[in-house]
Every structure is written in structure tokens, then in C-alpha cells.
Protein chains: 4
Amino acid sequence: MWYHGHDVTALMKDATFADVVFLLHRGRMPVEAERRVIDAILIASADHGPGSPSAAAMRTVASGNRAAPEAAIAAGILAIGDAHGGAGLACLALITRGVDLVKQQGLSMDAAAQRIVKEETSAGSRLPGLGHRAHTTDPRTAVLFGMMADAKLAGAGVEFVRALEAVAARTIKPLPINVDGAIAAVLYDLGFPPAMGKLIFIIGRVSGLSAQLIEEYTRERPMRIKIPYVYDGPKPRT
Amino acid sequence: MWYHGHDVTALMKDATFADVVFLLHRGRMPVEAERRVIDAILIASADHGPGSPSAAAMRTVASGNRAAPEAAIAAGILAIGDAHGGAGLACLALITRGVDLVKQQGLSMDAAAQRIVKEETSAGSRLPGLGHRAHTTDPRTAVLFGMMADAKLAGAGVEFVRALEAVAARTIKPLPINVDGAIAAVLYDLGFPPAMGKLIFIIGRVSGLSAQLIEEYTRERPMRIKIPYVYDGPKPRT
Amino acid sequence: MWYHGHDVTALMKDATFADVVFLLHRGRMPVEAERRVIDAILIASADHGPGSPSAAAMRTVASGNRAAPEAAIAAGILAIGDAHGGAGLACLALITRGVDLVKQQGLSMDAAAQRIVKEETSAGSRLPGLGHRAHTTDPRTAVLFGMMADAKLAGAGVEFVRALEAVAARTIKPLPINVDGAIAAVLYDLGFPPAMGKLIFIIGRVSGLSAQLIEEYTRERPMRIKIPYVYDGPKPRT
Amino acid sequence: MWYHGHDVTALMKDATFADVVFLLHRGRMPVEAERRVIDAILIASADHGPGSPSAAAMRTVASGNRAAPEAAIAAGILAIGDAHGGAGLACLALITRGVDLVKQQGLSMDAAAQRIVKEETSAGSRLPGLGHRAHTTDPRTAVLFGMMADAKLAGAGVEFVRALEAVAARTIKPLPINVDGAIAAVLYDLGFPPAMGKLIFIIGRVSGLSAQLIEEYTRERPMRIKIPYVYDGPKPRT
């Protein structure tokens, strides 16, 4: 058995899972700094507690279906759509569009960012990857950008989201780069396509869903999860 | 286009969906009474409100993923496991085992029911298809058994669950046949295999999930559903 | 138990599943002609053979997972995306846009259809609901439109897709209304929102997936389905 | 943000993903040898090519649904049932039963293995974790057991599957421990419950599904996957 020409038993002995994630998607082994960034992204995505839609969907399915762990994990992944976990993909697509403006039309980073902000706001969209309810600046962004800078891996992706942040601060309001925006920038600079913005989040998140699923099976009763609601339809007919 | 030799446009003009459900699974068109029983089962299965695990899982996925209706419906179906919606399949398998004892070993219905009750209780299992939290007798059971009796369709399936109910009442406690048990008995007498006990529930339930999904998209905010929990793990390390 | 104020046991006795599909989505019982149209749509959607992506995905999951019918059905539904089964939703959204142009901007049906065709073709999109590989005219379209005309239920939806077909024939090439376009037009005139264009297809299709799943369990071996491929990556390293 | 009391930004800087998989499931950080075993299991599970049911199901869904990567990944996971990817869970449950016989009833490893082999064969079951089509001895088993021995982590789990292999060789035929059996033994000795036998396979496999999904989107046409079949039902009626 080989992964892109590398013997699997040799990889089992010498490599880490993050090496193999990189290898399977890019067709070559990562250098040490690339591998560490993949690890950091997977770790940041692994678990956001039982309150996130992916964990809630997984637990609700486990509550009715205690014999098929694959069904609960699949349901958790299905909650990773546009409103939850979709910002990475959307931001990576935005970066791709922005950097293409720089490369193909010769715009400066700042001019490209202005163009993208204008297009998004006039379409009524929020800028994916910028802003966060709780944090003013997201400490995970600093970790990822620090790693990229130290290893001299930061490129047009990181530069473009920083331009985006600066334009947004001038023309809308301070919207610091959140972890989704940081991950998207970093994935761009590592050479991944837009779909990877969601897929790497899924790869990481499955580990948190797995740990919570074992907890649900072990500590909770079947059928425990109810969605609260008030019925406001017609009364029974007589 | 044909379904088992029947032209689809002719079916569109003259048949009902319940006719086609029967046709696709049994390879022939139903008689009127068979078709009415299929309709009654699909109607009984269609919707049990937002509180059931299938609806809760569907709504939770829709809450994070508002662009893919297929993802929300699929998650709702995944909640139909053993603890929720699984009693029909389990009861139909039990009936198949019980009636085989009658046919192959010459036991009476009562003796076969005694044997099955003994095996299930000594394995620590509850009897699927018997008992219900809210109802003493389930009115839906009476409707289904009434239809079968009127059309002279009731056979060994209905007879066996009644024997099961009688044995349980004598040896455990009064456990009236619930709607899952009634559906299983009826499906047995209509010639369906055990898997149909769950599948017909899924076919019916998808309609209720669909109606609730449109309601969720139209009337509710994204990310609204949270599972309540109390964190009882280790404290942050310093 | 009630569905929108209707007692479920009364519905089991007197109604059909198509009545209840209508009731759950629209909050009232259908008239006879509306119910017949719902039946016709569900029947047309029920099964397109093992070659469709939904059936292929269902059978592939069943091939690896023979203990969880819900997993196989869910996978079949997940294949109902944009490329397969998505034309109904897309066409219903197009009709809604087109008829809004008529109602809100006072355009004629023909002018509204011209505007929509222009917008779609300049965006590089195909017109959903028009054209078909095999048929020149789809006989299912005639059945549905005939029912709507006979019952005087046809309205702006049917009128608009006909205008679309006429504009396409003048400006592109003959593209007859296919079954997806006919279903979308009919659903519009029955008062359903765009999501119903995909959801009613899913409700119908689950019955065909169920019948094929029982066939797969009964007649086929586990692990039988393989995707053919040619490996063209790097050679094993030495 | 913390995982079991560990600050997430600190983990992003210093830990690997395998560390966090261990931490989330066991509530403590692994020692180096434990982490390396988790990496080796994830790597061994990551990808078995497009021919496995999980990859085939994922690609089939992607073929009909090109807008929702989460739907394709979820379908791939749903194929991980009993016939594909289920041997790890089944073998881990078997080991748990076997070692309980040793601990609670004072049997020797060999006697416990004899009992389990007898029970499984008289129930008509194959022994999960033993035997393989292609390999006589699986090189991945040697890697995993070597790691466990070197780090002095091997315990009752490894000992029991070896006893199982010896009993099978004496009483049935040579059935070498395959990678599923080796993973199950190792997970037992690392303190994981039976469900982890399937869940760690899913965590690893999602990375291979992700890489193949990007390939499917990038290199293949929509609707390309067809299940071959021969229709043998009734002829069209006239």
C-alpha cells in the first residue's frame, strides 16, 4: 500500500497524521513548518463544545440511534454548512478572487481589497473571515500568522486578508481577522483550493464529534434531546 | 418509463402514491384495501412534532446549513435508529420468528408467543411493539386492525401480536399493542420483509420533516439551536 | 394527535398520503384535483432505476453497511444536489423571479421570460426545467399540465414556463419543458415555496430507494460495488 | 478556549493533532509512545483508494451534488458499517469480552480465547480482526505491535488477540491478525472503549475522503457514476 508513492508502513513508523493529510491533498510530503501549520489548524477546529450545531446534530441523532456511530458522526458533518463552519471556504474563495485581481489585472493589494469589499457589501454580504462576537482580536489568528511568518511561508493569502482587514476598518468598522479568515489565508499560501477551507475544518472536527459521541453513549439517556417549541397552528377540529 | 411493467404516465393519471409504494416493493398493484392500509400507515408515521429526534436532528442541521435541504432531511432520517422509529423493524422481525415457530415447529400461536416472550425477557430486552407511555390503548392500532378485519386481510401477523399481548398481560403486565406493533403486524400480513418496518416509517416521516424544514427556513434564525449542558471537566490549567 | 387541527385517526380512515403531504405543507386539506396533482408528482419522482446517483449512492452505502437501512436511505438523499434532482428547485426559483417581474414591474409574461433568459444565458447558466436528453417532448409534462388545465388550477406558473419555452425556442433552440420544469410550474400554481421543488422530489424518491434497498439486501453481496479508476499518480518510491 | 483544561492556543503551538485526539477522548495528554501509536492508526486508516465503499459512496454523492462537500463526506462515512470498516469495533468488543473472562472468571488467555472462538463459530460468525484476502501476514500489524512492545505499552489486548490467532490456527486454519485486529488490540491496551474501534477509523478515513473529493470535483464530470445492472423484472404491459 502506498500514498502517492510512499509506503504506508514506513509512514506509520516515521510520519504524523498531519504529514499524511498534507501528502494526500498535495501529493508531496510537507516540510516541518507546513506540517506544524496543518496540526495547528486541525487542533483549532477539533472541538467547540456541545453547543455548536455539528455537536448538537450529532448528539440528537445519537439520542435516537444508539447502534450506528457512523450515523451520528455523519449528521454532525451535515450541520457544517453555510451558517456554521462555512466561513473558511467562503473566505478562501474571496482570497482567490482578490489575489487574482492583483496577479491578472495588476491592482495593488489595497485596491484589490477595496474592490472585493465594495462588491460584497453592495451584494449585502458580510465579509467571511472578519469579525467575531466575543474576541476583539482572536489569539488563534496570531498563532497561525506567527508560524507562517517565522517559517517564511506567509505570502499573498496572508497579505490579502490583512489588506481586507485594513479596508474594512477604514470603510466599515474594526473587524479583526478571525480564526476562519486566518485559516483561509494560511491554506491559500500553502497552495490549497477553496473547498479545503471547509474540508480541513471537517477533518479536525470529526475528532471532537467522536469524543462527544462516546460521552453521549456513556453518560446520557436515549431520546433525551427535545427542541423547545410553542405550537401556534389551528386548534383541534370538532 | 415503467414501474414493474406499468407505464409511469398511466400511473400518474390513475394511481395514488400509496399504490406505487406497494407496486415498487411488491411488484404488483395493490387491491383497494391494501392501498388504504398503506395510506393509513404513511399518515400515522408522517409527523410527531418538532420534539421527536428526527425532527430535532433535521432542524439542528438546518440551523447550521441553510443552503442544502437534502442535508437536513438526511440528518432527520439518520436519527431513525433503534431508540426512535426502530420498534417497527424489531417487532416485524419478532413476528417473523414467532410465526416461523408456528409454521415450522407446529406450535400454537400462544405457545410460540410464550417462547418469544421468554427469550426476549431472559435476554433483558423489552418487547418491541407493545406498551406506550401515554395511551392505555392506542387508537391508531384499532384503526389499522379494523381495516384489516373489514377487508379480510388480517392473518398470522395480527394473530401473533395479539397472542404476544395476551402472554405479556398474563406474565408481565398489561402492555397494549402500540402503533409500531400494529404496523408491524399489518406489514407481515401484507407480505413485507422486516426492513420494511423501518422503511415505511421513513417514507412517511420524510413528508413531516419536509414541512418542518420549510417552517425552520422561513420562521427561524440560523444557529438558534443549542444543546444545554453543564461542563464538569477539569479547570483551565495555569 | 392532530395535523393542523385534523385528528390523525380520522385522517388514517378517510385521507390519502398525498392529502396529508398537502395538509402538512399548506395547513389545509387539498381539493380533489390538488391531491391528484400531488400524487402524480410523487409518482413521477419515485424511481428512475439503479443508474441514478441517488440509487447508486444508496446501494454503495448498503454494500458496506448492511445493518443500518437509515444510513443507506440518507446517503441516497444526499446525492440529490444541484446536478441530480436540483432542477425543480432552481426552476421554481426562476418562476418566482419571473412572475415577480410581471406582478411588480408590470412586464408581460413574454417580456419577463426574455429578461430571465437573457440574465441566465449571460451568466453562463442553463435554463433549469427546459430540455431533455432523450425526449423531444416529455409525456409527463403533458399529464401534469392536462390535470391543471382540467381543474382550472393552472395559473402564472404554467404560463411563465410556457413563455420561457417560447423565448428559448426563438432565441436559443427548441428546449421543451421537461418534467422538472412542469413540476416546478405546477408547484408554483399550488402555492409552494422554491424549496418544495427539491423536497417533493425527495419525498417521492425515498419510496424507490426503499424498494431498491430491500432488493440490494436480498439479492446482492456485501462490498460488491467498486468505482472503476486508473491510478495515474507517482510510482512507489524505493 | 480549553480542551480538558489545556489552552487551545498553547496546543496549537506545541501539540500535534494526534495528541489532541488522545486528549479529547481520554482527558489527558498522551506520552510520546501513545501519540505515535495514534498517528500510526490514523495513517493506516486514511485511504484505501477509490475502490472502497466509503470512497465510492462519497464520489457517487459528489457526482450528483457538487455544491455541498459536507454531503459527500457524510455519505462516505455512512458506508462505514458492518461489512466495511466495522471489524475494528467488533474485534474490540470481542477482546473486551475475552479479557473480562480472564479477569473475572480467572481463565487463562488461551482458555478464554478457546471459549470466544467456540461461541463465535457456533453462532456462525467469522472472527473479526483475523484473516485477510491478500496478505499472509499484514505488515501493518507488525508495525503497531512493534511500537507497543518497544514502549512497553502492550498488555492484555495484544496478548488476547495473539491467543485468538493461536487458537484459530489450531482449530480452524491459519488466520493471521489483520490491521483491524491489531488496531483493536492496541486501542484496548491504550484504554479506549469498543466504539473507538470504528471512530478512529472514521477520523483517519475522512482525510482520504477529503483528498479524493477535491480530485472528484476537479477532474471528473457530474453524473458520471452509474451502477451496472440488468433489468429482470416484468415486461412493459400493453
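Residues numbered from 1 in each chain as written. Chains lettered and ligands numbered in written order. Predicted model: local features only at pLDDT ≥ 70, side-chain atom pairs only at ≥ 80, totals over all residues. Heavy atoms only, no water.

Caption draft 1: Representation of the overall build of chain A within the structure. Helix and strand content of chain A: 11 helices and two strands. Written out in order from the N terminus, the α and β elements of chain A read β-β-α-α-α-α-α-α-α-α-α-α-α. Projected onto the principal axes, the alpha-carbon positions of chain A cover approximately 70 × 55 × 30 Å. Burial analysis of chain A (238 residues in total) assigns 60% to the buried set. For chain A, the accessible surface area stands at approximately 9,300 Å², while carbon and sulfur atoms represent 53% of it. Once the 26 positive and 23 negative side-chain charges of chain A are each reduced to a mean point, those two points are 7 Å apart. (Helix = DSSP H or I, 4+ residues; strand = E, 2+ residues; numbered from the N terminus. Buried < 20%, exposed > 50% of the residue type's maximum accessible area, 1.4 Å probe, protein only. Areas by Shrake-Rupley, 256 points an atom, 1.4 Å probe, with all protein chains shown as cover. Lys, Arg positive; Asp, Glu negative; His and termini not counted. Charge placed at Lys NZ, Arg CZ, Asp CG, Glu CD.)

Caption draft 2: Layout of the environment of Phe201 of chain B. Structurally, Phe201 of chain B is set in helix α11 (residues 196–219). The contacts of Phe201 of chain B, once residues within four sequence positions are left out, are Ser45, His48, Ile80, His84 and Gly85 of chain B. (Contact = heavy atoms within 4.5 Å.)

Caption draft 3: Geometry of the packing of helix α6 (residues 87–105) of chain A against helix α9 (residues 156–171) of chain A. Residue and element names in this part refer to chain A. Packing of α6 against α9 leaves a shortest axis separation of 10 Å and a crossing angle of 95°. The pairing of α6 with α9 is recorded here as roughly perpendicular in orientation. Where α6 approaches α9, its residues Cys91, Leu94, Ile95, Gly98 and Val99 are matched on the opposing element by Ala156, Gly157, Phe160, Val161 and Leu164. Grouping the amino acids of the contact of α6 with α9 by side-chain chemistry returns eight nonpolar, two polar and no charged. (Axes fitted to C-alpha atoms, helices over the stretch in contact; angles between N-to-C directions. Parallel < 35°, antiparallel > 145°, perpendicular 65-115°, else oblique. Nonpolar A, V, L, I, M, F, W, Y, C, P; charged D, E, K, R; others polar.)

Caption draft 4: Broad picture of helix α7 (residues 109–122) of chain A. All names here are of chain A. Between the first and last C-alpha of α7 there are 20 Å, a value that for 14 residues agrees with the 20 Å anticipated at 1.5 Å per step. Against the buried residues of α7 lie α6 and α9. Just past α7, the residue Gly124 takes up positive phi, approximately 80°. (Expected span 1.5 Å × (residues − 1).)

Caption draft 5: Inspection of the interface of chain A and chain B at higher detail. Tallying the contact residues gives 31 residues for chain A and 31 residues for chain B. Taken over both partners, the interface formed by chain A and chain B buries close to 2,600 Å², and the fraction arising from carbon and sulfur atoms is 65%. If you sort the residues of chain A by the area they bury against chain B, Leu78, Met223 and Ile227 of chain A come out on top, with a joint share of 22%. In this assembly, chain A and chain B are joined by zero salt bridges. If you list the elements that add at least two residues to the side of chain A that touches chain B, you get α4 (53–64) and α5 (69–78) of chain A. Examining the composition of the side of chain A that touches chain B, we find that seven residues originate from one element, α4 of chain A, more than from any other. Here the side of chain A that touches chain B is composed, by residue class, of 18 nonpolar, seven polar and six charged. (Buried area = accessible area lost by both parts, 1.4 Å probe. Salt bridge = Lys/Arg side-chain N within 4 Å of Asp/Glu carboxyl O.)

Caption draft 6: Representation of the relation of the copies chain D and chain A in the model. Superposition record for chain D on chain A: RMSD 0.0 Å, screw rotation 180°, translation along axis 0.0 Å. Taken together, the rotation and translation describe the operation of a two-fold axis. When each C-alpha of chain D is compared by its distance to the rotation axis, Ala74 of chain D comes out closest, at 2.2 Å. When you check the interface residues of chain D against chain A, 100% turn up at the interface there too, and the contact is symmetric in its surfaces. (Least-squares fit on C-alpha atoms with pLDDT ≥ 70 in both.)

Caption draft 7: Spotlight on helix α10 (residues 179–189) of chain A. Residues and elements named next belong to chain A. Here α10 lies mainly inside the structure; 10 of its 11 residues are buried. Where α10 is buried, its residues contact α3 (32–45), α6, α8 (139–150), α9 and α11 (196–219). Its side-chain oxygen at 3.1 Å from the backbone nitrogen of Asp180, Asn178 defines the N-terminal cap of α10. Of the residues flanking the end of α10, it is Gly191, one or two places downstream, whose phi is positive at about 90°. (Polar contact = N/O pair within 3.5 Å; in protein donor to acceptor, adjacent residues only side chain to side chain.)

Caption draft 8: Region of the structure containing the environment of Val31 of chain B. By secondary structure assignment, the location of Val31 of chain B is in the loop between α2 (17–26) and α3 (32–45). According to the relative accessible area criterion, Val31 of chain B is partly exposed, its value standing at 46%.

Caption draft 9: Up close: the relation of the copies chain A and chain B. It takes a turn of 180° to lay chain A on chain B, together with a shift of 0.0 Å along the axis; the resulting RMSD is 0.1 Å. Here 100% of the interface residues in chain A have copies in chain B that are interface residues too; the copies meet face to matching face.

Caption draft 10: Fine view of the interface of chain D and chain A. At the interface, 55 residues of chain D touch 55 residues of chain A. Both faces combined, the contact of chain D with chain A buries some 4,500 Å², and carbon together with sulfur accounts for 79% of it. Ranking the residues of chain D by area buried against chain A places Met12, Phe17 and Ile43 of chain D at the top, with a combined share of 18%. On the surface where chain D and chain A come into contact, there are two salt bridges. Here Glu70 of chain D and Lys198 of chain A are joined by a salt bridge, their closest N and O atoms 3.0 Å apart. Where the side of chain D that touches chain A is concerned, the elements lending two or more residues are α1 (8–14), α2 (17–26), α3 (32–45), α5 (69–78), α8 (139–150) and α11 (196–219) of chain D. With 13 residues, α11 of chain D is the single largest residue contributor to the side of chain D that touches chain A. Partitioning the side of chain D that touches chain A into residue classes produces 37 nonpolar, 10 polar and eight charged.

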